[in-house]
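Architecture at a glance
Each chain, written out:
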Amino acid sequence: MIAMFDLVMQILKSNQIEIPLIQPVVDSLIEIPVLNALVALILWRPFFAVVVMPGLLVLMIYLLYIIWFERKLTARIQWRVGPLEIARPLRGAIQALADGLRYFFQEAIVHKEAHRPYFIQLPILAFIPVLLPIAFIPAGNVVGIKTPYAIQLIVAFISLIPITIVAIGWASNSRFAFVGSVREALMYVAYEIPFIIAVISMIFLYGSGDPYVVIEKQWIPGAFLNPLAFLVFLIAMLMATSRLPFEIPEADQEIAFGPFVEYSGILFGLVMVLAYEKLYVMALLFTILFLGGWSGPQIALLGDLNAPIWLVIKTLVAISIIAIVRSMYARYRIDQALRMGFSWFLALSVLALVIGAFIGMVI
Amino acid sequence: MDDFTKFIHSGKLAPLKKWGTKWSLWPVHLVTACCGAELAHAFASGYDGERIGALNYGIARQTNFIIVEGAITRKMARVLRITWEQMPDPKFVIVMGACGLNGGIFWNGYNLVKPSEVVPVEFFIPGCPPTPEALLRGIRQLQKKLETGEAESSVDFYDLRLQKGKIPKMLPKSPKRISENPLIIVNRAKEVDWAFGKELCEKLKALKLESVVITAKNRIAVKVSESNLKETAIELKKLGFDHVKSVNVIDVPAENKFIVEYHISSYSNKDLMPVIVNLFTEIPRKEAKVSSLADIFPSADYMEREMHDFFGVEFKGNPWKGKFLLAPDTPEFPLRKDFKLQEEIYVGD
Ligand code: SF4
């Protein structure tokens with residue numbers, strides 16, 4: 001038993017993240033019997049990447065932040081104040097926490113017509129394709145699973161997400177949910193092809209799907225290397241996460257949240273954050289491909305933590321800019337979005353592919 | 001499972017639940033009457049209800065709060081009940097407006113329902129319409145109540161057996177029915193203290209009428225035979241009545257007749273202004289013909305055309321023929337009681 005424990009500790013300690021700033025604290029904690037295992041686990045690189053940064057913990061904080069930020073921003077644009085009274089000193093920043101708690105304690109209704117097992121399972125199943133990419137996203141030498149095909153894998157998982165949403169709509173067995181899933185499926189076809197082509201053009205450009213190679217080759221940010229692919233990716237990101245100009249599958253004014261119409265309580269809380277989480281994953285990919293990933297000025301004291309911090313900061317800035325787009329534009333009709341997706345949007349992505357291949361040969 | 005539910009609803013975690021619910025009262029979009037304009041004001045810039053965490057949102061399933069905006073009719077009462085029932089458990093209702101409180105300006109309306117009889121109500125906000133401040137104060141009061149009160153469920157949960165197997169598919173049944181034999185009396189007499197009206201009745205009785213009855217204060221019902229209708233109208237015009245407020249046809253198939261009513265009043269004579277004379281006549285259904293008053297009271301013209309559309313009553317002297325308001329392909333005379341609605345055909349498997 002003790003031998004096993006020692007072995008595990010050895011494995012954990014062999015791959016510790018190094019942060020000079022907190023090294024004395026870690027050194028003193030590592031002496032304490034039970035706590036040392038915990039500290040070693042948290043500082044174990046793969047665990048740190050997946051669970052702390054840029055993984056789940058940051059994802060949670062991001063969720064709180066983005067929901068509040070979106071509401072606040074929309075409110076400011078409409079000349080209102082937005083959530084405030086809940087925590088005046090923080091300008092209402094914990095509003096999303098209250099909403100989440102309320103959803104958690106609310107009754108979760110499963111209506112008679114629903115396909116019961118799927119209706120309850122799917123919101124949880126949907127997290128698999130949303131959260132799995134995080135294991136492959138590296139931040140410097142903090143990485144969950146290291147593979148040279150990380151970018152392809154991430155794209156593959158992202159492409160799986162709409163299937164769960166369509167399935168959610170199907171399991172709800174309601175007319176609005178049906179309309180919503182059909183719209184989701186149509187939109188899926190419209191944005192997925194340009195999106196994948198844009199990613200492929202960047203892979204051509206860098207000559208590899210390995211994030212490390214990608215970052216290395218970005219002597220200037222990828223957005224300048226292939227601006228067309230940048231544009232296509234940006235618009236595809238809006239479409240894929242049902243942000244406002246393309247909030248077509250959810251359109252609450254006409255089809256009352258589409259696939260999610262029947263969900264209530266904690267189940268709705270789960271499905272509501274799906275789009276936000278998808279946005280987070282896509283924005284991480286976006287940062288790596290176009291914004292230079294985790295490269296940035298290094299602070300020696302932070303050691304290994306530099307890379308994740310830069311990655312997260314860039315991602316959050318990108319997402320915040322997308323939130324501005326959301327609160328300013330009105331919604332497209334489905335036919336407009338589809339026509340766009342299949343005509344100039346697709347053409348743009350093919351053009352981006354050509355540029356990507358060309359520049360890839362040059363550099 | 002029961003213990004678990006209880007724990008979630010009112011156990012150790014109750015303070016968290018109370019806090020979350022307090023700051024996240026999301027009203028569902030359920031606009032029923034004119035108070036809705038004031039609700040919109042309360043959530044627009046200036047007052048901004050989102051400050052206190054209330055966000056107008058989607059549909060019943062995802063919200064926990066109903067603001068009943070003013071009058072609730074019988075039809076909307078059903079909608080209100082359904083919305084309330086579809087809402088997940090801790091749910092609250094606030095009623096704004098005098099209408100929801102006690103009927104307001106519709107206080108004796110036949111079609112008005114008090115929301116408190118339909119759903120449990122937490123707070124009433126008086127006013128017609130209440131100001132946005134008042135509405136926000138109502139929400140704050142509810143928050144205070146949530147903060148200081150007990151954490152509990154707002155409904156009783158019954159044990160329902162889970163249904164197994166395939167649910168038989170039922171096509172929706174047609175709810176459309178024709179009522180049988182309604183008893184319609186247009187001139188039911190009522191004792192009122194109205195000297196001017198009695199004077200007026202005496203004057204009217206000098207004409208060739210079948211009956212003159214005071215039905216309420218300022219209301220007189222005058223029954224004439226069809227042949228006398230026009231003459232009587234001319235006489236009324238001489239008395240100072242100058243316009244027709246509405247033309248109305250009542251179909252009474254059981255007695256095989258139409259009742260044609262003209263509500264006549266005056267704009268020019270100050271004494272007659274509040275008075276409405278209901279000049280009515282009965283005509284057989286078979287031969288639905290009545291002389292038009294459009295040449296005496298021009299305002300009757302359009303309404304006669306409309307009645308012609310709906311009931312097929314011919315107004316002799318009104319030049320209009322054919323459809324006036326209805327689409328050209330509407331079936332004939334849709335408001336006649338014996339009009340059969342076309343059964344809707346549902347395509348199903
Ligand atoms: S209270 Fe006044 S404003 Fe409100 S619904 Fe009734 S009539 Fe309209």
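Concerning the confidence of the model for chain A
- Mean pLDDT for chain A: 82, with 100% of residues reaching 70 or above.
- Of all helices and strands in chain A, the one with the weakest mean pLDDT is helix H14 (residues 252-255) of chain A (71), whereas helix H9 (residues 150-172) of chain A scores best (87).

What about the interface of chain A and chain B?
- Taken together, the contact pairs 37 residues of chain A with 38 residues of chain B.
- When chain A packs against chain B, close to 3,000 Å² is buried across both sides, 61% of that on carbon and sulfur atoms.
- At the surface where chain A touches chain B, the tally comes to 17 residue pairs in polar contact (both at pLDDT 80 or more).
- Every element with two or more residues in the side of chain A that touches chain B is listed here: helix H5 (56-77), helix H6 (95-105) and helix H15 (265-290) of chain A.
- Broken down by class, the residue content of the side of chain A that touches chain B amounts to 21 nonpolar, seven polar and nine charged.

Description of the site of the ligand
- Taken together, Ala33(B), Cys34(B), Cys35(B), Gly70(B), Ala71(B), Gly97(B), Ala98(B), Cys99(B), Ile105(B), Gly127(B), Cys128(B) and Pro129(B) make up the full set of residues adjacent to the ligand.
- Classifying every residue of the shell around the ligand by side-chain character gives nine nonpolar, three polar and no charged.

A closer look at the sheet that holds strand S8 (residues 243-252) of chain B
Residues and elements named next belong to chain B.
- Read across the open sheet, the five strands follow the order S6-S7-S10-S9-S8; overall the sheet is mixed. A single partner strand is all that each edge strand has here, and the edge strands are strand S6 (211-216) and S8. Strand-to-strand twist across the sheet, computed as the mean angle between neighbouring axes with direction ignored, equals 20°.
- In the sheet, strand S7 (residues 219-223) pairs with strand S10 (residues 276-284) via five bridges, with the strands oriented parallel. Each residue of the ladder has a partner; that of Arg219, found in S10, is Ile276.
- Across the sheet, helix H8 (residues 195-205) lies against S6 and S7, angled at about 160° from S6, the strand it touches most.
- In this fold helix H10 (residues 300-311) packs onto S8 and strand S9 (257-265), with an angle of close to 15° to the strand it touches most, S8.

Brief notes about the nonpolar core
- Core analysis: the largest hydrophobic core is formed by 87 residues, its most contacted members being Tyr62(A), Phe195(A), Phe233(A), Leu285(A) and Leu289(A).
- Considering each element in turn, this core owes the most residues, 13 residues, to H15(A).
- When we break this core down by domain, the ones giving at least three residues each are domain 1 (2-43) and domain 2 (112-362) of chain A.
- Sequence-distant contacts of Leu285(A), that is, excluding residues within four places in its chain, are made with Ile151(A), Ile154(A), Val155(A), Ile158(A), Phe195(A) and Phe233(A).
- With 41 residues, the next largest nonpolar core counts Ile220(B), Ala233(B), Ala288(B) and Val313(B) among its residues.

Quick look at a nonpolar patch on the surface
- Together, Leu21(A), Ile22(A), Val25(A), Ile299(A) and Leu301(A) line one region of the surface with nonpolar side chains, adding up to about 430 Å² of accessible area.
- Within the fold, Ile299(A) resides in the loop between H15 and helix H16 (306-328).

Examining the side chain of Thr83(B)
All names here are of chain B.
- For Thr83, the position within the fold is in helix H4 (residues 74-85).
- Among the residues examined, Thr83 registers a relative accessible area of 12% and is labelled buried.
- With residues up to four places along the chain from it excluded, the contact list for Thr83 reads Val28, Leu30, Ala60 and Ile66.

Observations regarding the pattern of salt bridges
- Summed over all chains, the structure comprises 23 salt bridges over all chains.
- Among the ionic pairs, Lys230(B) bridges to Asp295(B), the shortest N-O distance being 3.1 Å. One end of the pair, Lys230(B), is in helix H9 (residues 229-239); the other, Asp295(B), is in the loop between strand S11 (289-291) and H10, with 65 residues separating them in the sequence.
- Several salt bridges share partner residues, and in doing so they unite Arg71(A), Arg80(A), Asp99(A), Asp48(B) and Glu50(B) into one network.

The rules behind the values
Residues numbered from 1 in each chain as written. Chains lettered and ligands numbered in written order. Predicted model: local features only at pLDDT ≥ 70, side-chain atom pairs only at ≥ 80, totals over all residues. Heavy atoms only, no water. pLDDT = per-residue confidence, 0-100. Helix = DSSP H or I, 4+ residues; strand = E, 2+ residues; numbered from the N terminus. Contact = heavy atoms within 4.5 Å. Buried area = accessible area lost by both parts, 1.4 Å probe. Polar contact = N/O pair within 3.5 Å; in protein donor to acceptor, adjacent residues only side chain to side chain. Nonpolar A, V, L, I, M, F, W, Y, C, P; charged D, E, K, R; others polar. Near = heavy atom within 4 Å. Pairing = 2+ DSSP bridges. Axes fitted to C-alpha atoms, helices over the stretch in contact; angles between N-to-C directions. Core = buried A, V, L, I, M, F, W, Y, C linked by side-chain atoms within 4.5 Å. Buried < 20%, exposed > 50% of the residue type's maximum accessible area, 1.4 Å probe, protein only. Domains from an automatic or database assignment. Patch = residues over 30% accessible without salt bridge, like charges linked within 9 Å, V, L, I, M, F, W, Y side chains within 5 Å. Areas by Shrake-Rupley, 256 points an atom, 1.4 Å probe, with all protein chains shown as cover. Salt bridge = Lys/Arg side-chain N within 4 Å of Asp/Glu carboxyl O.

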